Amino acid sequence: MNQRIPRFRNAEIDEICESLVKQHEGAAYGTRPIDIVDFAIRYFKLRILYVSIAESDPNKLSFLSDGVTPITVYHNGRVQRGTFPEKTILLDKILNRPTERSRRYFCIAHEVFHYIESILTNSPVVSAFHTEFDNSQNYQLDELASIMNIRECQADRGAAALLMPATLLRNTCIQFTGNKPIRLYGENVFTTKDKEILQDIAEYLGVSFTALIIRMKQMKMFEKHRMDEYITTEMHLNGGKAGG
């Protein structure tokens, strides 16, 4: 019998995650970045281990263990397949590099949300890999389905909501912008100044630039403008119309 996949609305995920983080942070909530490692270990009593994951897909970077499902790792110079205790988050050792901070935090938050799912559904922990999509790789259909399935999409939303809960993100934007709007031209274009501000915010929160943009779009935090306005006001090009 196929296991039923729990579905949560995005608004549910956002509110649940923010409430959990707020309870953990206490009076400090909204004033500092989320320490996702401390949140995972102290609030949920999860264990975090760094290992050399040796699965066939090199983009499998983290794993939440259910205590039963085996995982392939390098250990003592050998490829070994074994199980780890339930409630253990396994991270590939590459994520322990200082340059991988945003990916490390996101992977931890992703696996934490999988654990939150088990609490919300009153069900045992379900083992899960977090796999980064690599558009240069030729995936089999079952591999692609695994990456794009509902649980993984929900866990990505949950990870963003844990690392960038609404109050914290809004307070941080005010801190870095002086409460001035950040303009989004079209769907993807920012001024150089706003892009630098966004990069500073991402660095402060410990998230990637891309994750920050997606989250701020979800929360409708940008001031929307047309691309023709960008061309005119930022690129200073307003002539040469065809047929002129």
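> Hey, could you run me through the overall build of the protein chain in this one?
A tally of regular secondary structure across the protein chain gives nine helices and eight strands. For the protein chain, buried positions account for 44% of its 244 residues. If you take every contact in the protein chain between residues at least 6 apart in sequence, the share linking residues at least 24 apart comes to 67%. Total accessible area on the protein chain is roughly 13900 Å²; 50% of this is exposed by carbon and sulfur atoms.

> Quick question: what am I supposed to make of the environment of Leu64 here?
Note that Leu64 resides in strand β2 (residues 60-64). When the C-alpha atoms of Leu64 and Pro85 are compared, they prove to be 9.7 Å apart, with 21 residues separating the residues in sequence. If we skip the residues at most four places from it in the chain, Leu64 touches Thr88, Ile89, Glu111, His114, Tyr115, Val125, Val126, Ser127 and Ala128.

> Explain the packing of helix α7 (residues 192-205) against helix α8 (residues 209-218) here, please?
Packed helix pairs are characterised by how far apart their axes lie and by the angle those axes make with each other. Closest axis-to-axis distance for the α7/α8 pair is 9 Å, and the angle between their directions is 105°. One finds that α7 runs roughly perpendicular with respect to α8. Residues Lys195, Leu198, Gln199, Ile201, Ala202 and Leu205 of α7 pack against Phe209, Leu212, Ile213 and Met216 of α8. Looking at side-chain class alone, the contact of α7 with α8 contains eight nonpolar, one polar and one charged residues.

> I'm lost on the environment of Arg78 in this one. Help?
Here Arg78 shows up in strand β4 (residues 78-82). For Arg78, a relative accessible area of 56% gives the class exposed. Residues Arg78 and Ala54 lie 24 residues apart in sequence; the distance between their C-alpha atoms is 9.9 Å.

> Mind showing me how you'd approach the packing of aromatic side chains here?
For any pair of aromatic rings, the description rests on two quantities: the centre-to-centre distance and the angle between the ring planes. According to the stated counting rule, one finds seven aromatic pairs in the structure shown. With centroids separated by 5.3 Å and ring planes inclined at 25°, the aromatic side chains of Phe39 and Tyr43 adopt a geometry described as stacked. Linking Phe39 with Tyr43, this pair stays in helix α2 (residues 36-43), spanning four residues, or about one helical turn. We classify Phe39 as buried; its relative accessible area is 0%. Taking the centre distance of 5.7 Å and the plane angle of 80° together, the rings of Phe44 and Tyr115 count as edge-to-face. Of this pair, Phe44 sits in the loop between α2 and β1 (47-53) while Tyr115 is found in helix α3 (residues 101-120), placing the two residues 71 residues apart along the sequence. Tyr115 matches Phe44 in its accessibility class, with the two residues each being buried.

> What am I meant to see in the pattern of salt bridges here?
If the charged atoms of two oppositely charged side chains come close together, the side chains can form a pair. Enumeration according to the criterion identifies 13 salt bridges in this entry. Measuring nitrogen to oxygen at the nearest pair gives 3.7 Å for the salt bridge that ties Glu12 to Arg9. A salt bridge links Lys224 to Glu187; the nearest nitrogen and oxygen atoms lie 3.8 Å apart. Remark: Glu187 occurs in the loop between β7 (183-185) and α7 and Lys224 occurs in strand β8 (residues 223-225); sequence separation between them is 37 residues.

> What's the story with unusual backbone geometry in this structure? I'm lost.
Trans peptide bonds make up the majority, and among non-glycine residues the majority have a negative phi. In this structure, Lys87 is a non-glycine residue whose phi angle is positive, near 70°. Classification of Lys87 by relative accessible area gives partly exposed; the value is 24%.

> Would you take a moment to explain the layout of surface pockets for this structure?
Empty space among the atoms becomes apparent when a probe as large as a water molecule is rolled across them. Its volume calculated, the second largest pocket comes out at about 160 Å³. Every residue along the wall of the second largest pocket is listed here: Arg170, Cys173, Ile174, Thr177, Asn179, Lys180, Pro181, Ile182, Met216, Met221, Phe222 and Glu223. By residue number, the principal contributor to the lining of the second largest pocket is helix α6 (residues 166-177), which donates four residues. For the lining of the second largest pocket, the residue count by class is seven nonpolar, two polar and three charged.

> Help me understand the pairing of strand β5 (residues 88-92) in this model?
On any regular strand, side chains alternate: one points to one face of the sheet, the next to the other face. Counting buried residues in β5 gives five out of five residues, a clear majority hidden from the surface. Residues Thr88, Leu90 and Asp92 point to one face of β5 and Ile89 and Leu91 to the other, with burial holding for every one of them. In this structure, β2 lies alongside β5, joined through three bridges in antiparallel fashion. Considered in β5, the bridge of Leu64 is made with Ile89.

What counts and what doesn't
- Residues numbered from 1 in each chain as written.
- Predicted model: local features only at pLDDT ≥ 70, side-chain atom pairs only at ≥ 80, totals over all residues.
- Heavy atoms only, no water.
- Helix = DSSP H or I, 4+ residues; strand = E, 2+ residues; numbered from the N terminus.
- Buried < 20%, exposed > 50% of the residue type's maximum accessible area, 1.4 Å probe, protein only.
- Contact = heavy atoms within 4.5 Å.
- Areas by Shrake-Rupley, 256 points an atom, 1.4 Å probe, with all protein chains shown as cover.
- Axes fitted to C-alpha atoms, helices over the stretch in contact; angles between N-to-C directions.
- Parallel < 35°, antiparallel > 145°, perpendicular 65-115°, else oblique.
- Nonpolar A, V, L, I, M, F, W, Y, C, P; charged D, E, K, R; others polar.
- Phe/Tyr/Trp six-rings, centres within 6.5 Å; stacked < 30°, edge-to-face > 60°.
- Salt bridge = Lys/Arg side-chain N within 4 Å of Asp/Glu carboxyl O.
- 1 Å grid on protein atoms, 1.4 Å probe; cavity = no way out; pocket = protein on both sides within 12 Å on 5 of 7 lines; lining within 4 Å.
- Points joined across faces, edges and corners; volume = space filled by probe spheres on them.
- Pairing = 2+ DSSP bridges.

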